[in-house]
Structure formats: structure tokens, C-alpha cells
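Next come the chains, spelled out residue by residue.
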Amino acid sequence: MSQTQKTVRQEIEDKLRAAFALREMVVVDDSASHAGHAGAPAAGESHFNVMMRSADFEGKNRLARHRAVHGALGPDLIGRIHALALNLDV
């Protein structure tokens with residue numbers, strides 16, 4: 001990987017930091033736990049767990065929070081992720 005090429009985890013973090021006023025965020029690349037499973041690419045970077053705390057989620061239900069995160073990540077990045085587990089709260 002070149003210095004300018006970001007990992008998928010870094011792309012996720014950058015996009016979420018730009019889109020939300022975060023109190024806390026942890027992004028875990030859990031791809032190694034899924035190696036060899038159907039749909040898991042050999043190169044990895046396919047399964048992620050994201051925990052976020054943001055005032056931006058106040059008054060939004062679970063579906064609205066998930067839609068906001070998916071919208072912030074965009075269709076190109078979402079299309080490269082096989083599984084995205086979200087734990088979102090205020």
C-alpha cells in the first residue's frame with residue numbers, strides 16, 4: 001500500500017469524522033474473523049464494527065441513525081464493505 005492509499009478503516013473514520021460531531025468513535029476491522037466465509041474477499045477489509053456516540057443522533061430512531069451513517073459513507077465505500085455492524089448512540 002502506498003503512503004497516499006488509505007485503508008478502508010481509515011476511509012470510514014475520515015468520512016464519519018467529517019460528517020458528525022463525535023463524542024466517541026471506534027472502528028474495528030473484523031475481517032480476519034471472517035476469512036474464508038462466503039462473500040469475504042481474500043484481501044480482507046470487508047467486515048467492520050463501528051461504535052459512535054454523537055449528539056447528531058439525538059431524537060433519531062435506529063433506522064434514521066443507520067441511514068445517516070450509510071449516507072455519510074456514500075455508495076462507493078458501502079459497496080466495498082461486505083458487513084458493517086453499527087452501534088450508534090447519543
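Scroll up to find the structure this text is about.
Residues numbered from 1 in each chain as written. Predicted model: local features only at pLDDT ≥ 70, side-chain atom pairs only at ≥ 80, totals over all residues. Heavy atoms only, no water.

A. How the structure looks around the pattern of salt bridges. A full pass over the atoms with the stated rule returns six salt bridges. Across the pair R80 and E11 runs a salt bridge, and its minimum N-O distance is 2.7 Å. Here the residue R80 occupies a position in the loop between α2 (62–79) and β3 (83–89), and E11 occupies one in helix α1 (residues 8–19), the gap between them amounting to 69 residues. R80 gets classed as partly exposed once you look at its relative accessible area, which sits at 37%. R80 is paired through a salt bridge with D76; the nearest N and O atoms lie 3.6 Å apart. Taken together, the shared-partner salt bridges in this structure form one network comprising R9, E13 and R17. (Salt bridge = Lys/Arg side-chain N within 4 Å of Asp/Glu carboxyl O. Helix = DSSP H or I, 4+ residues; strand = E, 2+ residues; numbered from the N terminus. Buried < 20%, exposed > 50% of the residue type's maximum accessible area, 1.4 Å probe, protein only.)

B. Focus on the sheet that holds strand β2 (residues 47–54). Taken in spatial order, the three strands line up as β1-β2-β3 in an open sheet, and their pairing is mixed. Of all the strands in the sheet, the pair left with one neighbour each is β1 (22–29) and β3. Shown here is a sheet whose adjacent strand axes are inclined to one another by a mean of 10°, direction ignored. Contacts between α1 and the sheet are confined to β1 and β2, with β1 contributing the most and set at about 165° to the helix. (Pairing = 2+ DSSP bridges. Axes fitted to C-alpha atoms, helices over the stretch in contact; angles between N-to-C directions. Contact = heavy atoms within 4.5 Å.)

C. Just the environment of D29, in detail. Turning to its location among the elements, D29 is positioned in strand β1. Classification of D29 as partly exposed rests on a relative accessible area of 36%. Counting along the chain gives 20 residues from D29 to N49, while the straight-line C-alpha distance between them is 6.7 Å. If near-sequence neighbours (up to four positions away) are discounted, D29 is found in contact with E45, H47 and F48. Here the side chain of D29 touches S31 through a polar contact of 2.5 Å, side chain to side chain. (Polar contact = N/O pair within 3.5 Å; in protein donor to acceptor, adjacent residues only side chain to side chain.)

D. A look at the packing of aromatic side chains. Under the defined criterion, the tally for this structure stands at one aromatic pair. An angle of 45° between the planes, with centres 5.3 Å apart, marks the rings of F20 and F57 as tilted. Of this pair, F20 sits in the loop between α1 and β1 while F57 sits in the loop between β2 and α2, placing them 37 residues apart in sequence. Like F20, the residue F57 is buried in the burial classification. (Phe/Tyr/Trp six-rings, centres within 6.5 Å; stacked < 30°, edge-to-face > 60°.)

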